[in-house]
Amino acid sequence: MADPSSYRPKPGQIPDSPGVYRFRDEHRRVIYVGKAKSLRQRLANYFQDLVNLHPRTRTMVTTAASVEWTVVSTEVEALQLEYSWIKEYDPRFNVKYRDDKSYPYLAVTMNEEFPRVQVMRGHKKKGVRYFGPYGHAWAIRDTVDLLLRVFPVRTCSAGVFKNATRTGRPCLLGYIGKCSAPCVDRISPEDHRELAEEFCDFMAGRTGTYLRRLEKQMMDAADEMEYERAARLRDDIEALKKAMEKNAVVLADATDADLIAVAEDELEAAVQIFHVRGGRVRGQRGWVTDKVEEVTTAALVEHALQQLYGEETGDAVPKEVLVPALPDPVEPVQEWLTGRRGSNVSLRIPQRGDKKALMETVERNAQQALALHKTKRASDLTTRSRALEEIADALDLDSAPLRIECYDISHLQGDDVVASMVVFEDGLQRKSEYRRFQIKGFAGQDDVRSMHEVITRRFRRYLAEKERTGEWAEDGTENGPTGAETLTDGTLTGGTLTADGTEPTDGLKDADSLKDADGLNDADGLKDTDGLNDADGLKDTDGFKNEDGRPKKFAYPPQLVVVDGGRPQVAAAKRALDELGIDDIAVCGLAKRLEEVWLPEDDDPVVLPRSSEGLYLLQRVRDEAHRFAISYQRTKRAKRFRSGPLDDVPGLGETRKQTLIKHFGSVKKLRSATIEQIQEVPGIGRKTAETIAAALAQAAPAAPAVNTATGEIMDDREDEVPETTADASGEPVPAGAPDDRRGQET
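Read on for a plain summary of the structure. Worth saying up front: this structure is predicted, and the values here are computed from it rather than measured.

1. Examining the overall build of the chain
Okay, so step 1: Along the chain, the regular secondary structure elements total 19 helices and 25 strands.
Okay, so step 2: In the chain, buried positions account for 47% of the 746 residues.
Okay, so step 3: Counting contacts in the chain only where the partners sit at least 6 residues apart, residues at least 24 apart contribute 62% of the total.
Okay, so step 4: Total accessible area computed for the chain in this model is approximately 37,200 Å², and 49% of it derives from carbon and sulfur atoms.

This is the structure we're talking about:
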């Protein structure tokens, strides 16, 4: 536990101006981000007597090892920068609203030639109209099913659409009148887009126009004695009214507003949002957060506004936002919302009338959400705590293993050998820190040797990170963060300072492009310059992301390493740690046959009761590592099966490969073609043609396919994908593979 006085800024060093500050722990990880109108006054509050601090604030300042800040011009800039840093660094002591990406939206893809109506989750895409969010996906489908009678917009996927276009036959919805079938030219692209725009207008709340138009058409049809058409229009009107009834009128003046309510206790808070468009509740969502810092209702509202509108623009930000408490000060937040919308936004507390009554309804929803969450989590926390304690007792650990890493090896009879690393923190999956490895130190099947290689590579990076961050610095000093830029007049701008104002002494920058040969691949399977990848798929050049405090790849050691296997695998993992000089990380293995727990120094396994929560947690960790490893192995195997001789030609993309095959008919005919004949293919120049000819000449031709029933040699099929069957898991297996290879994965 750090003493806050050890990193307290010197008197007068902190500027008395707006800005954003960051607390970092001993590993240089950002643990808290905050903003202030006056950095000097705000930061001084953190360095008072610990007895006077809120318990959670006291925990934060004693966990931190340094503080730094960035000066900005206005409070609005501070608000924007705070939001960006919280999203970027994910600080552990900041308020985090969970499940904010899980709510489904009704989306209309207006950016396509033929707009499609569908259910979408996650981040919003440009050119797509969104309505919601909804509590359940089935609620969206029910609404869409009713509206398709009147607005028969396309709902099929791109694959179904292309297949219908190719065959000239629409899908079932096209036959029953719930799709206008643009795939077979029953409607022009312009008319279909107009239909989609009418659908969007109806969903946006402009319902009266369509109802009046349909009613007039129904009456006209009845006057002309077209009773069947009048009956269809009557049914369309009933469908629209039924869809409208799903969203009751709550505000008579057709208001567009978002209502935010908060229910809280000392430890947690629940936030509920009702989206009202055209006077009707069009969507609802809710968040729950741990109050890891001392925070008021007004601060919770401010955090909710940041998360709700931080990535929204235009009409997605309503004209009016009703809240239970106003942020202090309210002007920067209101100005920020106005900037996001592009026009004035009213942020206020409802005082009377329908809006006050609706706010009370939202508050009741928030209270119920908090009560339900606490009921669920009480059991979950108790179970996880008991499981970790049982593991600590069984393995004779000093404390509960709050971070557990599990490793597994997967291959198919020695081919495509890979490994996985999964991470559990506090008994829960932390998928952002999952990693996967390609075994490159040797060829063939050797699980013990593979485990030794993986453990060595993982903890070699951990030791390199410790050395780089200065924890092993010879002079005993730690490196500092990036210093602020000082102008000639003595003011600060655009940089960051530590308490003593020093700059980093390691001399490393983001562009140092450190490489190693470990050949690691992470959850996205993409390589970057150091052989490592993050789960977000973004590249970095040094593999650590140390300088800016983002989560690092192998920077944090586990309290327990679990390997999928018995005594040999455990011994290999322990030997790898001993060779690296690491003696403070426990190792165990979980054997599948009898679910025995093996320790490195023991001749006999530890047997946990079948009803043990600790054993159940170890099984979950082991099974997750196995799942992650085998999914990666299957991906590599499928890619290998689909590969062909043209894949080895440098600079030849998928489009030109398909063009070559289409032009010559097969790889065999392409291999026998001259350079001049290859040049006749559109997009292929002489240099590329020479490269293709050389690559195909070097590649050995595949063995001819043989019909086992007739003995016929089918030479012309070498360019086709080999016939496959499925193993027990549904994965493809070559038709020529021996029977004992089918489904035998580890």
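There is more to say, and it comes next.
2. Observations concerning the pattern of salt bridges
Oppositely charged side chains can pair when the atoms bearing their charge come close.
Okay, so step 1: Following the criterion strictly, the structure yields 27 salt bridges and no others.
Okay, so step 2: Residue Glu68 pairs with Arg24 through a salt bridge whose shortest N-O separation is 2.9 Å. Residue Glu68 is located in strand β3 (residues 66-71), and its partner Arg24 is located in strand β1 (residues 19-24); the two are separated by 44 residues in the primary sequence. No difference in accessibility class separates Glu68 from Arg24, as the two residues are buried.
Okay, so step 3: A salt bridge links Arg627 to Glu624; the nearest nitrogen and oxygen atoms lie 2.8 Å apart. Separated by 3 residues within a single helix, Arg627 and Glu624 lie in helix α15 (residues 613-642), roughly one turn from each other.

3. As for a negative patch on the surface
Okay, so step 1: Together, Glu113, Glu190, Asp191, Glu194 and Glu197 line one region of the surface with negative charge.
Okay, so step 2: Residue position: Asp191 is located in helix α7 (residues 189-203).
Okay, so step 3: Take Asp191: its relative accessible area is 43%, and that puts it in the partly exposed class.

4. Details of unusual backbone geometry
Okay, so step 1: Going from Asp328 to Pro329, the amide bond is cis rather than trans, its omega being -5 degrees.
Okay, so step 2: Relative to the helices and strands, Pro329 resides in the loop between β10 (320-322) and α11 (330-341).
Okay, so step 3: For Arg28, which is not glycine, the phi torsion reads 70 degrees and is therefore positive.
Okay, so step 4: The class of Arg28 is buried, set by a relative accessible area of 7%.
Okay, so step 5: With a phi angle near 55 degrees, Ala181 is a residue other than glycine that sits in the positive phi range.

5. Brief notes about the pairing of β1
Okay, so step 1: Counting buried residues in β1 gives 6 out of 6 residues, a clear majority hidden from the surface.
Okay, so step 2: By the alternation rule, side chains of β1 split into Gly19, Tyr21 and Phe23 and Val20, Arg22 and Arg24, which are all buried.
Okay, so step 3: As paired elements, β1 and strand β2 (residues 30-36) share 6 bridges and run antiparallel to each other. Looking at β2, one finds that Arg24 is bridged to Val30.

6. Side note on the nonpolar core
Okay, so step 1: Counting 27 residues, the largest nonpolar core has Leu106, Val108, Phe151, Phe199 and Leu240 as its most contacted members.
Okay, so step 2: Going through the elements one at a time, β4 (105-108), α4 (137-147), α7, α8 (208-223) and α9 (227-245) are the ones with two or more residues in this core.
Okay, so step 3: Tallying contributions element by element places α7 first for this core, with 6 residues.
Okay, so step 4: Excluding anything up to four places from it in sequence, Val108 contacts Pro115, Arg116, Val117, Gly127, Val128, Arg129, Phe131, Ala196, Phe199 and Cys200.
Okay, so step 5: If you look at the next biggest cluster of nonpolar residues, it comprises 26 residues, including Ile455, Leu463, Val563 and Ala576.

7. Examining the state of the cysteines
Okay, so step 1: Enumeration over the complete set of coordinates arrives at 0 disulfides.
Okay, so step 2: Left unpaired, Cys179 is separated from the closest cysteine sulfur, that of Cys171, by 5.3 Å.
Okay, so step 3: Free cysteine Cys183: the closest other cysteine sulfur is in Cys179, separated by 6.1 Å.
Okay, so step 4: A residue is classified by how much of its surface remains accessible, and Cys183, at 10% relative accessible area, is buried.

8. Here's the deal with the sheet that holds β4
Okay, so step 1: Strand order in the open sheet formed by 3 strands is β5-β4-β6, with antiparallel pairing between adjacent strands. Edge positions in the open sheet fall to β5 (117-120) and β6 (129-131), since each of these has one partner strand only. Strand-to-strand twist in this sheet, taken as the mean axis angle between neighbours without regard to direction, amounts to 30 degrees.
Okay, so step 2: As paired strands, β4 and β5 are joined by 4 bridges and run antiparallel to one another. Its bridge partner lying in β5, Tyr105 is registered against Met120.
Okay, so step 3: Docked against the sheet, α7 engages β4, β5 and β6, running at close to 150 degrees with respect to β4.

9. So, a nonpolar patch on the surface
Okay, so step 1: A cluster of nonpolar residues, Leu172, Tyr175 and Ile176, forms a patch on the protein surface that exposes about 360 Å² of accessible area.
Okay, so step 2: Position of Leu172 among the secondary structure elements: in helix α6 (residues 172-175).

10. What about the pairing of β4?
Okay, so step 1: Side chains of β4 alternate between two faces, with Tyr105 and Ala107 and Leu106 and Val108 buried alike.
Okay, so step 2: Note: β4 against β6, 3 bridges, orientation antiparallel. Counterpart to Leu106 in the pairing with β6 is Phe131.

11. Observations concerning the packing of aromatic side chains
Okay, so step 1: Following the criterion strictly, the structure yields 13 aromatic pairs and no others.
Okay, so step 2: Measuring from ring centre to ring centre gives 6.2 Å for Trp85 and Tyr89, while their planes differ by 55 degrees; the resulting arrangement is tilted. Residue Trp85 and its partner Tyr89 are both found in helix α3 (residues 75-89); the two are separated by 4 residues, about one turn of the helix.
Okay, so step 3: Trp85 sits in the buried class, given a relative accessible area of 9%.
Okay, so step 4: Of the aromatic side chains, those joined through ring pairs into one cluster are Tyr7, Tyr21, Phe23, Tyr32, Tyr46 and Phe47.
Okay, so step 5: We note Arg154 situated over the ring of Phe161; from NZ or CZ to the ring centre the distance is 4.8 Å.
Okay, so step 6: Note that Arg186 overlies the ring of Tyr175, its terminal NZ or CZ placed 5.9 Å from the centroid.

12. Focus: the packing of helix α10 (residues 297-309) against α11
What describes two packed helices is the angle between their axes and the distance between those same axes.
Okay, so step 1: Between α10 and α11, the shortest axis-to-axis distance is 12 Å and the interhelical angle comes to 10 degrees. Between α10 and α11, the interaxial angle falls into the category roughly parallel. Counting all contacts with α10, which are made through Glu302, Leu305, Gln306 and Tyr309, the residues of α11 involved are Val333, Trp336, Leu337 and Arg340.
Okay, so step 2: Across the contact of α10 with α11, the residue classes break down as 5 nonpolar, 1 polar and 2 charged.

Cut-offs and rules
- Note that residues are indexed from 1 along each chain, following the sequence as it is written.
- Given that the model is predicted, a residue must reach a pLDDT of at least 70 before its local features are reported, and side-chain atom pairs must reach 80 or more before they are shown or counted; all residues, however, enter totals for whole chains, interfaces and linings.
- With hydrogens and water excluded, all non-hydrogen atoms of the structure serve as input to the side-chain values.
- Only runs of H or I of at least four residues qualify as helices and only runs of E of at least two qualify as strands under DSSP, and these elements are numbered from the N terminus.
- A 1.4 Å probe rolled over the protein chains alone gives each residue an accessible area, and that area as a share of the maximum for its type sets the label: buried under 20%, exposed over 50%, partly exposed in between.
- Contacts were defined at the residue level, with two residues in contact if any of their heavy atoms lie within 4.5 Å.
- Where accessible areas are quoted, they stem from the Shrake-Rupley method and a 1.4 Å probe; at the residue level, only the protein chains shown are allowed to cover.
- What makes a salt bridge here is a side-chain nitrogen of Lys or Arg within 4 Å of a carboxyl oxygen of Asp or Glu, nothing more.
- Note on patches: the residues involved have over 30% relative accessible area and no salt bridge, like charges join within 9 Å, and the nonpolar side chains Val, Leu, Ile, Met, Phe, Trp and Tyr join within 5 Å.
- A residue counts as positive if it is Lys or Arg and as negative if it is Asp or Glu; His and the chain ends are not included.
- Where a charge lies is defined by one atom per residue type: Lys uses NZ, Arg uses CZ, Asp uses CG and Glu uses CD.
- Note: two strands are recorded as paired if DSSP finds a minimum of 2 bridges between them.
- Only buried residues count toward a nonpolar core. Its members are Ala, Val, Leu, Ile, Met, Phe, Trp, Tyr and Cys residues joined through side-chain atoms within 4.5 Å.
- Throughout, a disulfide means two cysteine sulfur atoms within 2.5 Å of one another.
- For helices, the fitted line uses only the C-alpha atoms of the stretch in contact; every axis is such a line through C-alpha atoms, and the angle between N-to-C directions lies from 0 to 180 degrees.
- In this scheme Phe, Tyr and Trp rings, the latter by its six-membered ring, pair at centre separations within 6.5 Å, and the angle between planes marks the pair as stacked below 30 degrees, edge-to-face above 60, and tilted otherwise.
- Counted as over-ring charges are cases with an Arg CZ or a Lys NZ within 6 Å of the ring centre that also lie within 35 degrees of the ring normal.
- Geometric relationships in this document are graded by angle, where less than 35 degrees denotes roughly parallel, more than 145 denotes roughly antiparallel, 65 to 115 denotes roughly perpendicular, and other angles denote oblique.
- In the scheme used here, Gly and all other residues not listed as nonpolar or charged are polar, with Ala, Val, Leu, Ile, Met, Phe, Trp, Tyr, Cys and Pro taken as nonpolar and Asp, Glu, Lys and Arg as charged.

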